[in-house]
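Observations on the three-dimensional arrangement
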Amino acid sequence: MGDLTAYQDVINVAEWTVNLVGVVLLGRLAFSPDFRARQLRREPLPRWPVSPFDFLLLLAMAAMLAVAGTVMISTSFGPMINRSGSREGLLVVASGLGIHGSALLAWPLLRGLLRRLTPELGDHPGLHPFEKRSRCSPTRALLLGLATFAAALPVVFAVSYLWGLALHAMGLPEEPQDLIGIFSRTHSPLVMGGMLAVACLLAPLNEELIFRRSIYRFVRDRLGWSRALVISALVFGLVHGNWFGFLPLTVFGALLALAYELTGDIRVPMIAHALFNLNTIIGIMAGFQQ
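Summary of the structure given here. (Residues numbered from 1 in each chain as written. Predicted model: local features only at pLDDT ≥ 70, side-chain atom pairs only at ≥ 80, totals over all residues. Heavy atoms only, no water.)

1. What about the side chain of R212?
Considering the arrangement of structural elements, one finds R212 in helix α8 (residues 189-223). Look at R212 and you get buried, because its relative accessible area is 0%. Among the polar contacts made by the side chain of R212, one reaches the side chain of E208 at a distance of 2.6 Å. Apart from the residues lying within four places of it in its own chain, the contact partners of R212 are E207, R217, F236, G253, L256, A257, Y260, I266 and H273. (Helix = DSSP H or I, 4+ residues; strand = E, 2+ residues; numbered from the N terminus. Buried < 20%, exposed > 50% of the residue type's maximum accessible area, 1.4 Å probe, protein only. Polar contact = N/O pair within 3.5 Å; in protein donor to acceptor, adjacent residues only side chain to side chain. Contact = heavy atoms within 4.5 Å.)

2. Topic: helix α3 (residues 52-83)
The terminal C-alpha atoms of α3, which comprises 32 residues, lie 45 Å apart, in line with the 46 Å expected from a rise of 1.5 Å per residue. At F77, α3 shows its maximal bend, which comes to roughly 65°, and the proline P79 appears one to four places after that position. Buried within α3 we find D54, F55, L58, M61, A62, A66, G69, I73, G78 and I81. As for α3, its buried residues are in contact with α4 (87-103), α5 (106-117) and α8. (Expected span 1.5 Å × (residues − 1). Bend = angle between axes of the 7 residues up to and from the residue.)

3. Things to note about a nonpolar patch on the surface
Together, L142, L143 and L146 make up an exposed nonpolar region whose accessible area comes to about 270 Å². Tracing the chain through its elements places L146 in helix α6 (residues 138-170). Among the residues examined, L146 registers a relative accessible area of 37% and is labelled partly exposed. (Patch = residues over 30% accessible without salt bridge, like charges linked within 9 Å, V, L, I, M, F, W, Y side chains within 5 Å. Areas by Shrake-Rupley, 256 points an atom, 1.4 Å probe, with all protein chains shown as cover. Salt bridge = Lys/Arg side-chain N within 4 Å of Asp/Glu carboxyl O.)

4. Quick notes on the packing of aromatic side chains
Summed over all chains, the structure comprises nine aromatic pairs. Taking 5.4 Å as the distance between ring centres and 70° as the angle between the ring planes, the aromatic pair formed by W16 and F157 counts as edge-to-face. With W16 in helix α1 (residues 2-31) and F157 in helix α6, this pair connects stretches of sequence that are 141 residues apart. Assessed through its relative accessible area of 43%, F157 is described here as partly exposed. An angle of 25° between the planes, with centres 4.1 Å apart, marks the rings of F252 and F276 as stacked. Of this pair, F252 sits in helix α10 (residues 243-263) while F276 sits in helix α11 (residues 267-285), and the two are 24 residues apart along the sequence. As far as burial versus exposure is concerned, F252 and F276 are alike and both buried. These aromatic residues form a ring-pair network of at least three members: W48, F55 and F218. The lysine or arginine in question, R212, covers the ring of F236, its NZ or CZ lying 4.5 Å from the ring centre. In this arrangement the basic side chain of R222 is found over the ring face of F218, its NZ or CZ atom lying 3.7 Å from the centre. (Phe/Tyr/Trp six-rings, centres within 6.5 Å; stacked < 30°, edge-to-face > 60°. Lys NZ or Arg CZ within 6 Å of the ring centre and 35° of its normal.)

Here it is as C-alpha cells:
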C-alpha cells in the first residue's frame, strides 16, 4: 500500500506539472502574438485533392477491412483467447489489431486499386496517408505534439470534471469506458504490452488518419474549418460509445483538429493523441480509475 501511495504521489506531481505547462502554453498562445507567430505556420492548410467518391470509398473500405480483420482474428485465435487467464486483455489486443491494424490497410489498397482502374490519373496523391512534403521536421513535429498534449490536458481535465458533475445531476451513467476497467485488471506484462501498443500506436495512427486527415479535411474544404472542427470532433466523441467520455473526447478531438489546422502536419495530433492515451493508462495503473 505504501509503494502504491508513493507511486500515486509521483504520478500526481507529474500530472499537475504537465497541466501547469499546458496552462502556460495556452496563455502564451492566447496573449502573445509574437510567440504564436514563431510557433505556428502562416500559410493555410491546402485543399485535399480527393473526390467525394474516393473519400466515401476510403471510409467504406476502412470500415469493411476493420470488420473483416476482426472476424479473421476472432476466428483464428478466439478459442486460444477464451482459454487464457488474460482473456479480457487479449480480446482488447485482438480487436485493436483487427479494427485499427486492418483499417490502416485501406490507404495503400485503395490507392493501388485506383491506380489500376484509372492509370491516366497517376498515383492519386490525395490518398497518401502522410503528405509527401511534410511541413515540420521530425523533431519539430515531436515537440509540437508534446506541446499539443500539454495544452490539451488541462482543458480536457476541466471539461471532464464539469461533465461528470452534469451527468451526476442528470442521473446519467458516470462509468468510464470498459477498456479502462480491463487495463486495471490485466496483470500479464506481455498482454499489457500488446494493449499499450494498440492504445498508444495503432489507435492514434488510425484514428487521426480517419478523423483529422480524412473527415476534418474533407468537410473543411466544403464547409470551412470551424464547422469541420465541430463535425469531426462530434463524430470522434460519439464513436467511442460512452457517455462519461463523450464530451471530454469531443473537446479533445476538436483540439487535435485545431493542432492539425495550425501546424499542417498530421504527425502532430498523432503524437498528442498517443501521449494522451499513455497518460490515461499510467493513471489507471496508478489506481486513478477515472
